[in-house]
Structures are given as structure tokens and as C-alpha cells.
Amino acid sequence: MRPAAPLWVLLPALVLLPLLALLPGISHGGGWELVGEFAAAALQPSLEPLVVGSVLGGLGVTAGIALLGWAASLALGLVLGIASSRVVWHTCCGNAAPASWIRRLLALPRSIHELLWGLLLLQLVGLQPVVAVVAIAIPFGALVARVVSDLLDALPTANLEALRCGGVAGPAALVTALGPPLLPQVISYSGYRLECALRSATMLGVFGLGGLGTELRLTLQSLAFRELWTGLWLLLAVMLLLEALVGWLRRRWAMPARLGLHRRGVGRQGREILVASLVLLPSLGLVAWQLGIEPAGLLRWQGLPPLGPADWGAVLALPWASLAGSTLLLTLLAAALAVGLAPLMLLVAQPCRPLLALVQGLWALGRLWPPPLTALLLLFVLQPGLVTGALALGFHNLGILGRLLLEAAETSGAPQQQALLAAGAGPRLALLYGRFSSLARPYLAYGAYRSDVILRESVVVGLVGATGLGSQLLESLSSFAGDELLALVLVYAALTLLGEDLSDRARLWLLETPHGDGPPQEAGGAWR
């Protein structure tokens, strides 16, 4: 006997049992009063003009950095994605081998979290707005390149082969045959990356790279909770507005067939995209001017303290097994919390609309609240360590997974759920065996991908004392131990690449059709 498919999405939630058993041992009662003040301040945010003006200024910097980093990563990712596509190389040169080499090279910048890029650049060129932009653009560009190349290689090539047989040149045939089906998917994914860029820009600010994140961390450390919630509510409003705008554009531009636009609609869609691009380009220039972005500043390296001779014996003496094991355990705990709690909370809240709205609000807070700040808040009542870091990362990723699960559940499985309700099943069972049946495999597949993301994000909570490689990285950065830093970055990259490979294998296995008679499918495209 084995659980039915819908029950598999709930199995990761069993990690709550050991975590609940561990919490009493790491709890301390000194900070519950502060937690109560923090919660009460949510209803009374500061509306003083000086506070609001400071928050709006920080929010503008964060939004500008996110927009510029997103645009640079999208341009970089499209170029590198085309350059690493097997079908492109095979069509133009007859040999797809170079694509594999480019993919391997892009794996290294993709495996290093944007926080590490930011801290490394900060040491080299000093505190400049361009540091945060580049820190987002490098790993995001490599991620976009991977997705674009995968999308290109997965597209049907019948039209491409027909054009080539008709004598059309390779580049022209690629644009004509693969451009139209690729564009909607790129638009959909780029909207998601913009939301991620806003979260990353906020998180970089927490570590001193400017913007609203810096304001949030300073107010939290000074226990100015009312000022903190002023920033949080404004950030939440911007994030919800961005999500609504991206969703509307995705429905309008990425899914013309659903809207019944057909040929006339597709033409209008193309004109709208062109107009939006023409408006975006000067807007990016204006934002860069307002923020004082100077790309030439990256060439002006500041003098660093002299590094001592490399002591590779001391590097080898580090507790590598313990550091790597703690990082992997932190990742598994956070991934299990996020993957298992999202469907469990949706099931519990399903019959009650106010409770469902409360859950959605909690997920929205999880998405906007940077994990380092969550870890700092948890330190009011918990001791620093692995469990605290796992809770912080799990809460953040719970917000992301919950939103995607809810969107997918609203667009699939409705007939099955209605049939079960008509047969007398309760609302929770109808949701579980009606909608979750079709979502189980793609949801778990996305959970496997998300665990790979959490592994990269573990450096974020590690830098605030959650043990593992991240804590050791902070010590190496503060002491300018270049040999340790290099070794730690390489180990982190190796772990993330290994996790990426394992998550890819897990997704392929999960997305296989039950009888193996069709290609892997994803539900509704929401899981990209």
C-alpha cells in the first residue's frame, strides 16, 4: 500500500513533528513582549511625514535597483540563452557541442547567490548603487539563460526543418520558426523574474547595499516597530501591485489564444509589446540617472588590506563535513516546511473565506519579508542555530509556493472537485482529491526546483548566525581570509550545482506521465 497522489503533497509537512519537539529546547522567554509589540505595531504604523518620506525614498531606490537589475539580467539572459541552445548551434553550425560548454560555464555564476556577488563586489569597488544592480544581474542573467535555452531546445522543430529544407538561412529560420512560440513563455517568465528582483533588491539592502532593506534592518535593530511596519506595508502594497500588473500582462501578452485574440489580437499584442519596450528603454535611463548609476565605477577598485599568505593547511582543517551537512539539513528542513505547509494550510482554510484571506495575507507577508529579517525577529524568542534559519527560509518560501499553488488550484481540477462535492464529499476532501490530484506531480516538481533555490538562499540566513557555510563565509569576509573565502565559495557552488542536478532529475521523474506514453507536462505554466 502507498499513499494516493494528493497525499504526497502533504507528506513533507510531517517535518513539523520533530521541529515542534525541538522548539522548547531552543526557546527563551525574554523576547515574547517584543514580539507582541511588533505584532501590535502592525495596526499602528508611523505616519509621520519624516518617516514616510524616508521610507518612500528607500522604496524608490529598491524599486530602481530591482528594475535595472532585472532589465540587465533579461538582456544578458536572452543573449546567453540563445548562445547556449543546442538547437541554435545545430541549425547554424551543424554541431551542438559548444552549447554544452557554454551551459557548464554559466553554471558557476548561477550557483552563487546574489548576496555573495554583492558582498564580493562591495569589497572590491566600495559602496555604490551599481554594485546591487550587477549583483542581481549576474546570477539572474545566468538563470534566465538556462530557462531560455531549455525553452528553445524543447520547442517543436518541424517548422524549422521545413524552412531549412526550403533554403532559408539558419538565423532567419530560427527567428521565424521559434521566435513566435518562444516569446509568450519568455514574457511569462520575465514577469516572475521582476518580482524576484524586487525581493532580492530588498534583501541586498538588509546587508547594507542601500534602499528600503537598510531602513527595515535599522528600524528592527532599534526596535522602532511602528516605523518598520510603515516600510513593510508600503513594500507589500508595491509588491501586490506588481503581482497584479505582471499577472494582467501575462494574461494579455503570453496567452492570446485564451483571450480569443487570434490573428488580429496577435498583431495588436506585438504592437503593445513594441510600445512597452520603447517606453521602458528611456525609463531605465532615467532611473539610472536618478540613482547615480556609474558602470565605470566597477573599474575603479579600491585598495584592500594586504592579504596574508595562503594557509591551505588551515583551510583543510575547517570542519567541512559539519558545515556542508548543516547547510544541507537547513535546506531540507526549510524545503519540507514550505512544500508541505502550503497545501496543508489551504486545506485547513478552505471552507472559511475569512480564514483563507488570512492565509493569503500571511503568504504575502512571507514573500515580502526578507529571510534575514525573519531570522533576526525569531532571535527574540529562539536561540540562533539551524532550526531558526530553517524557519526563516521556510516562511519566505511558503509565501511563494502558497501563491503558486493557489493560482494553479484555481485553474485546474474544478470538474472533479464539483463531482466529489455533488457525491457528498466534504470541501476538504473534494479539494484534496479533486484539484490536488492533477496538481500533485507538478507541485512536487516545482518543490524540487525550489529546494535548489533554498540551498542557494541558505547563505542569507547563515550570514545572520544560522550556522553552516554561510556563517563561515561571514567570518572569512570580515577577516579578509582570501583562501578560506575562495574555498567556501567553491564548495557552495559545488553543492548548489549538485542540488540543481538532483532537482532536475526529480522534476523529470515527477513530471513523467503515469504510463510513459507522453512527454513531461507542467500544469498551466504557473510552475515556471
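Below: a short report on this structure.

## Brief notes about the overall build of the chain
Counting secondary structure elements, the chain contains 22 helices and 0 strands. By residue count, 50% of the 528 residues in the chain fall in the buried class. Contacts in the chain between residues far apart in sequence, at least 24 positions, make up 78% of those at least 6 positions apart. On the chain, roughly 24600 Å² of surface is accessible, and the fraction owed to carbon and sulfur atoms is 69%.

## Some points on the pattern of salt bridges
Where charged atoms from two side chains of opposite charge come close, those side chains can pair. Applying the stated criterion across every chain yields a total of 9 salt bridges. In this structure, arginine 103 and aspartate 150 form a salt bridge, with 3.1 Å as the shortest nitrogen-oxygen distance. Linking arginine 103 in helix H6 (residues 97–111) with aspartate 150 in helix H8 (residues 129–154), this pair joins segments that are 47 residues apart in sequence. You can call arginine 103 buried: its relative accessible area is 18%. One salt bridge connects arginine 450 with glutamate 457, and the closest N-O pair in it is separated by 3.7 Å. We classify glutamate 457 as buried; its relative accessible area is 11%. One connected set of salt bridges, linked through shared partners, spans Glu195, Glu243, Arg367, Arg403 and Glu407.

## Notes on the packing of H6 against H8
Where H6 contacts H8, the axes come no closer than 8 Å and their chain directions differ by 140 degrees. When the axes of H6 and H8 are compared, the crossing they make is left-handed. Along the contact surface, H6 presents Arg103, Leu106, Pro109 and Arg110, while H8 presents Ile138, Pro139, Ala142, Leu143, Ala145, Arg146, Ser149, Asp150 and Asp153.

## Some thoughts on unusual backbone geometry
Even without being glycine, leucine 223 reaches a positive phi, approximately 60 degrees. With respect to the helices and strands, the residue leucine 223 is situated in the loop between helix H11 (212–221) and helix H12 (225–254). Overall, the relative accessible area of 38% leaves leucine 223 in the partly exposed class.

## Things to note about the packing of aromatic side chains
Throughout the structure, instances matching the rule amount to 7 aromatic pairs. Centre to centre, the rings of phenylalanine 38 and tryptophan 229 are 5.1 Å apart; their planes meet at 40 degrees, and the pair counts as tilted. Within this pair, whereas phenylalanine 38 is found in helix H3 (residues 32–41), its partner tryptophan 229 is found in helix H12, the two being separated by 191 residues in sequence. One exposure class covers both phenylalanine 38 and tryptophan 229, and it is buried. Arranged with centres 5.4 Å apart and planes meeting at 50 degrees, the rings of tyrosine 446 and tyrosine 449 form a pair that is tilted. You can see tyrosine 446 and its partner tyrosine 449 sitting in helix H20 (residues 427–462), 3 residues apart, about one turn around the helix. Joined through ring pairs, the aromatic side chains of Phe38, Phe225, Trp229, Trp233, Trp369 and Phe380 make up one cluster.

## Focus on helix H5 (residues 86–93)
All buried positions along H5 are accounted for by Val87, Val88 and Thr91. For H5, the angular spread of buried residues about the axis comes to 100 degrees, placing them on one side. More than 90 degrees from the buried face of H5, the exposed residues found are His90 and Cys93. Two residues or fewer after H5 comes glycine 94, characterised by a positive phi angle close to 80 degrees.

## Focus: a nonpolar patch on the surface
A cluster of nonpolar residues, Trp8, Leu11, Leu14 and Leu17, forms a patch on the protein surface that exposes about 400 Å² of accessible area. As for its placement among the helices and strands, leucine 14 is situated in the loop between helix H1 (5–8) and helix H2 (16–26).

## Considerations on the side chain of arginine 403
When you line up the elements, arginine 403 lands in helix H18 (residues 386–411). Excluding residues that lie within four positions of it along the chain, arginine 403 makes contacts with Glu195, Glu243, Trp363 and Arg367.

## What to know about the packing of H8 against helix H10 (residues 170–206)
As a packed pair, H8 and H10 sit with axes 10 Å apart at the nearest point and diverge in direction by 155 degrees. For the element pair H8 / H10, the angle class is roughly antiparallel. You can see that H8 and H10 cross each other, and the crossing is right-handed. Residues Ala132, Ala135, Ile136, Phe140, Leu143, Val144, Val147, Val148, Leu151 and Leu152 of H8 pack against Leu178, Leu182, Gln185, Val186, Tyr189, Arg193, Cys196, Ala197, Ser200, Ala201 and Leu204 of H10. Here the contact of H8 with H10 is built from residues that sort into 18 nonpolar, 2 polar and 1 charged.

## Focus on the environment of isoleucine 65
Turning to its location among the elements, isoleucine 65 is positioned in helix H4 (residues 49–83). Given a relative accessible area of 2%, isoleucine 65 falls into the buried group. Between the C-alpha atoms of isoleucine 65 and isoleucine 136, which are 71 residues apart in sequence, the distance is 8.7 Å. When sequence neighbours within four positions are dropped, the list of residues in contact with isoleucine 65 reads Ala132, Val133, Ile136, Ala201, Leu209 and Leu291.

Basis of the calculations
Throughout this description, residue numbers start from 1 for each chain and increase along the sequence as written. Only residues with pLDDT of 70 or above have their local features reported here, since the model is predicted, and side-chain atom pairs are shown and tallied only from 80 upward, although totals for entire chains, interfaces and linings are computed over all residues. Excluded from the side-chain calculations are hydrogens and water; all other atoms, namely the structure's heavy atoms, are used. Elements are defined by DSSP. Helices are runs of H or I of four residues or more, strands are runs of E of two residues or more, and each kind is numbered from the N terminus. The buried label applies to any residue whose accessible area, calculated with a 1.4 Å probe on protein chains only, is under 20% of its type's maximum; exposed applies above 50%, and partly exposed to all values in between. Any two residues whose heavy atoms approach within 4.5 Å are treated as being in contact. All accessible-area figures derive from a Shrake-Rupley calculation using a 1.4 Å probe, and residue coverage is judged against the displayed protein chains alone. Only one rule defines a salt bridge in this text: a Lys or Arg side-chain nitrogen within 4 Å of an Asp or Glu carboxyl oxygen. Whenever a helix is involved, its axis is fitted only over the stretch in contact; in every case the axis is a line through C-alpha atoms, and angles between N-to-C directions fall within 0 to 180 degrees. For any pair of crossing helices, the crossing counts as left-handed if the nearer helix is rotated counterclockwise from the farther one by less than a right angle, and right-handed if it is rotated clockwise. Between the rings of Phe, Tyr and Trp (Trp by its six-membered ring), a pair exists once the centres lie within 6.5 Å; its type follows the angle of the planes, with under 30 degrees stacked, over 60 edge-to-face, and the other angles tilted. This arc describes the spread of directions from the helix axis toward the C-beta atoms. Only residues above 30% relative accessible area that lack a salt bridge enter a patch, with like-charged residues linked at up to 9 Å and the nonpolar side chains Val, Leu, Ile, Met, Phe, Trp and Tyr linked at up to 5 Å. Reported orientations rely on four angle classes, namely roughly parallel under 35 degrees, roughly antiparallel over 145, roughly perpendicular from 65 to 115, and oblique for the rest. Each residue is assigned to one class: nonpolar for Ala, Val, Leu, Ile, Met, Phe, Trp, Tyr, Cys and Pro, charged for Asp, Glu, Lys and Arg, and polar for all the others, Gly among them.

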